[in-house]
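# Descriptive analysis of the structure
Residues per chain, in single letters:
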Amino acid sequence: MSRSFSAFVVTVFLLGYSSISSAQWQSSFSKRSPDQRPTLKEVSKAFDEYWAPLNVQKGYYLENGVQKKAPGWKQFKRAEYFWEQRVNPTTGEFPTTSSVVEFQKSRFHLNKSAGVTSTASWTNVGTSSSAGGYAGIGRINCVAFHPTEANTYWVGSPSGGIWKTTNNGGNWTILNNDMPILGVSDIAVPSDYVTSNTLYIATGDREGAGSLRALGDGGVADNPSIGVYKSVNGGTTWTATGLTLLSSANKLIGRLLIASNNTTLFASTSDGIYKSTNSGTTWTQVLTTSHPTVNGGLYMIDMEFKPGDDNTIYASAQSWSTGPRIYRSTDGGSTWNIVYQASQGSDYRIELAVTPADPTVVYGIVCYYNGGYVLKSVLKSTTSGANFSIVWNGTLANHNLLALDVNGSDLTYGQGWYDLSLAASPTDADVVFVGGINTWYSTNGGTSWTIKTMWDGAGAQEVHADKHCLAFQNGSTLFECNDGGIYRAALTNSNWSDPGSNFVDKTNGMVISQLYRLGVSKTDVTKTITGLQDNGSKLLSSPTWKDVTGGDGMECIIDHTNPLYMYATYVQGRIYRNSDGFSSSATTTISNNISPVPTGAWVTPYIMDPTNSQTLYAGYDKVWKTIDRGNSWTALSGALSGTTKLRSLVIAPSNPDVMYTADLTHLWKTTNATTGTPPATWTDITGTLPVASASITYLAVKADDPQTVWVTFGGFFDGNKVFESTNGGTTWTSISGTLPNVPVLCIVQNTRPATTQLFIGTDAGVYAKDGTNDWILY
């Protein structure tokens with residue numbers, strides 16, 4: 001249900017577990033200087049040792065016979081998968097550059113008119129719709145409202161841009177397709193928007209989640225902020241303001257505020273607070289904090305004006321080292337004082353809310369680590385933030401508003417480092433909403449709470465999990481941004497518990513999903529199945545999309561002879577088969593038919609024989625084969641990759657006996673995949689491939705030649721992007737050409753032209769190669 005992991009990892013080890021003491025963690029990781037960050041190998045080893053006593057399988061473990069979800073496990077493994085394709089595979093060291101930086105150095109960016117870009121036309125087909133409720137499309141970080149038109153508002157997504165609707169979610173338009181970073185953390189709309197057409201956005205992903213910051217130390221990010229951008233034509237074009245950040249600096253912006261004069265702005269960031277008094281032309285840092293790479297740092301993640309008083313500003317931080325704090329300024333941001341200090345070593349993050357109904361009231365919520373990030377307390381100030389008191393104590397109440405369950409009875413599960421949001425009604429200062437995995441509300445100033453939405457609908461309205469923003473448009477309309485999209489609740493009377501105030505999904509029409517894999521039908525061009533982060537697998541049966549599985553969706557296949565047979569996966573190789581095109585729920589978990597049931601890589605490869613669709617292969621530590629669509633399986637190999645698991649698997653279209661498989665650093669080949677008695681004979685053909693400097697990410701075999709194979713590489717090692725062998729792996733040649741120095745994640749051959757035409761997917765777009773020509777940006 002969620003994405004971020006860095007905060008969880010740090011605090012989990014800071015607090016320690018049976019196999020890892022806090023002294024060990026602090027001495028080996030947290031006390032290092034920023035240029036001595038731990039490697040992926042070190043942090044992954046420590047994380048696995050932490051969970052080893054509980055024998056976690058695919059994110060769950062048994063406790064007294066009851067299956068429990070391991071908090072943060074899935075988020076860590078998801079991020080580990082992302083980074084293993086980008087770190088140095090030998091040392092595990094994180095990159096010191098980013099794909100944005102490297103692309104901007106390349107000829108494709110510097111010499112755009114020199115014939116390096118194709119004229120290909122692309123049409124966005126989605127995923128763009130869901131049924132709402134538990135289903136969703138993708139995460140939304142923030143929402144901002146038109147000052148006078150209730151049906152017009154904007155939303156920002158972590159990697160899908162800023163979107164606008166003028167008809168209350170009936171249709172959506174993307175506004176920043178051409179920016180190098182599509183993540184949007186916050187949006188500021190001036191009160192004179194009707195005449196100025198001015199908008200501001202904070203770029204990047206404020207949660208540090210789609211950005212997947214370095215495991216454990218908050219360092220490297222793939223979707224950091226590049227600063228605050230401004231549009232003076234309603235979002236048609238954007239220009240950088242004076243607050244411009246280098247992608248390689250790996251900074252985040254948590255909140256963006258604009259004062260009532262429409263020229264003064266504040267941005268809270270991972271190294272303090274910045275202020276502009278000239279509509280963003282220049283900025284001054286008015287509060288300086290240490291970056292999260294320095295002993296955990298202090299990330300200023302939230303900020304609010306006192307209603308009616310732009311000189312009084314409240315700001316809150318998240319930190320695992322100093323403990324989170326609330327700051328206040330009463331002189332327009334010139335000076336700041338700490339007005340609330342949470343506990344060091346356990347408390348982690350604070351979110352804030354204010355209300356025009358009583359400008360002296362400030363609410364805060366504090367999450368802390370108790371096995372998971374749970375809600376410790378609700379704070380309230382009636383003195384304009386001069387001091388705070390606890391109005392609700394989660395520990396004393398034996399109640400956790402961030403829990404997974406409908407009663408809040410699980411005091412050890414929560415994701416407050418990732419999904420934590422707070423809003424107070426602008427017309428009633430006693431009405432407050434808290435968002436975590438679920439949404440809760442109070443009508444008495446936070447002293448008692450009632451659940452409003454529930455991720456699985458068990459006891460409350462079913463709405464997608466993981467709330468990143470709660471925002472009142474007015475006293476009777478509330479929006480929530482979650483991992484599924486944007487939802488709107490309109491109050492029909494004075495009682496928020498009335499069913500008429502239920503949330504309605506307004507996301508359809510946006511294209512913001514984060515996809516792992518997709519599969520297309522070879523017999524029906526209208527059908528495509530996709531695997532999405534957080535939002536399961538979805539099937540396009542043109543022109544509409546439907547949800548077919550939940551959780552995280554991975555690799556997908558549609559049978560090439562009978563499109564009613566479809567396959568989807570969950571993390572680490574749980575493979576589902578459906579035999580009626582997902583028109584019913586007749587779905588079988590065919591990976592359970594392997595004995596013992598194996599655990600694969602985060603995205604486990606499985607493929608279909610090109611000549612016999614009832615034969616499939618799956619790669620775990622071994623390659624497994626089925627000839628009856630998964631009813632039974634036979635090991636086709638011994639344990640090829642027992643420690644890191646297989647990542648890639650491909651079969652030669654012209655000769656199904658020839659198959660190649662790879663983990664991150666080794667490549668194997670067999671020539672008797674279909675003949676003879678299993679297991680087949682496998683040979684290591686890694687040879688001269690540059691596996692010491694970059695990880696293998698994908699394989700492809702030429703359609704009419706089983707001896708021609710292509711291998712792609714991740715990492716940031718110039719020239720080591722795509723390699724070719726024309727003799728079955730005996731020798732290898734780089735065909736990387738002048739590709740930008742960014743990770744290459746997949747490759748496919750277009751078999752229709754007479755020439756050999758290749759396409760690759762990278763961190764910086766799709767590239768094409770025709771015959772012996774160099775690559776062009778497609």
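If you're wondering where the values come from, they're calculated on a predicted model, not measured in any experiment.

In terms of residue burial, strand β17 (residues 325-329) counts as a mostly covered element, since four of its five residues are buried. The turn joining strand β16 (residues 309-318) and β17, which pair antiparallel and follow one another in sequence, is formed by six residues; a positive phi near 85° is taken by G323.

Counting residues in each nonpolar core, the largest one holds 43 residues, and the members touching the most others are W51, L375, V434, W449 and W602. The set of elements that each furnish at least two residues to this core consists of α3 (40-51), α4 (73-84), β19 (347-354), β20 (362-369), β21 (373-381), β23 (421-424), β24 (432-435) and β26 (450-454). Formed by 18 residues, the second largest nonpolar core is a distinct cluster that contains V658, L689, I696 and V711.

Right, let's get into the sheet that holds strand β14 (residues 284-288). The strand order β11-β12-β13-β14 describes an open sheet built from four strands, whose pairing is antiparallel. Single-partner strands in this sheet number two, and they are β11 (253-258) and β14. Going across the sheet, the axis of each strand differs from the next one's by a mean of 20°, ignoring polarity. In the sheet, β11 pairs with strand β12 (residues 265-269) via five bridges, with the strands oriented antiparallel. Note that in β12 the partner of R255 across the bridge is S268.

Turning to a nonpolar patch on the surface, a few remarks are in order. A grouping of L515, L518 and V520 is seen on the molecular surface, where their side chains present a nonpolar patch of about 250 Å² in accessible area. As for its placement among the helices and strands, L518 is situated in strand β32 (residues 515-520).

If you check α4, its first and last C-alpha atoms are 16 Å apart, about what 12 residues at 1.5 Å a residue would give, namely 16 Å. Looking only at α4, the buried set comprises W73, K74, Q75, F76, K77, R78, A79, E80, Y81, F82, W83 and E84.

For the rest of this paragraph, the subject is the pairing of strand β33 (residues 527-532). Side-chain direction in a regular strand flips from residue to residue, so the side chains alternate between the two faces of the sheet. The element β33 is largely enclosed, with a buried count of six among its six residues. Both faces of β33 are covered, namely the face carrying K527, I529 and G531 and the face carrying T528, T530 and L532. The hairpin turn running from β32 into β33, its antiparallel successor, is six residues long. Inspection of the sheet shows β33 paired to strand β34 (residues 537-541) by five bridges, in the antiparallel sense. Paired with G531 across the strands is S537, a residue of β34. A loop of four residues connects β33 with β34, the two strands running antiparallel in sequence, and D534 in this loop sits at a positive phi of about 70°.

Thresholds applied
Residues numbered from 1 in each chain as written. Predicted model: local features only at pLDDT ≥ 70, side-chain atom pairs only at ≥ 80, totals over all residues. Heavy atoms only, no water. Buried < 20%, exposed > 50% of the residue type's maximum accessible area, 1.4 Å probe, protein only. Helix = DSSP H or I, 4+ residues; strand = E, 2+ residues; numbered from the N terminus. Pairing = 2+ DSSP bridges. Core = buried A, V, L, I, M, F, W, Y, C linked by side-chain atoms within 4.5 Å. Axes fitted to C-alpha atoms, helices over the stretch in contact; angles between N-to-C directions. Patch = residues over 30% accessible without salt bridge, like charges linked within 9 Å, V, L, I, M, F, W, Y side chains within 5 Å. Areas by Shrake-Rupley, 256 points an atom, 1.4 Å probe, with all protein chains shown as cover. Salt bridge = Lys/Arg side-chain N within 4 Å of Asp/Glu carboxyl O. Expected span 1.5 Å × (residues − 1).

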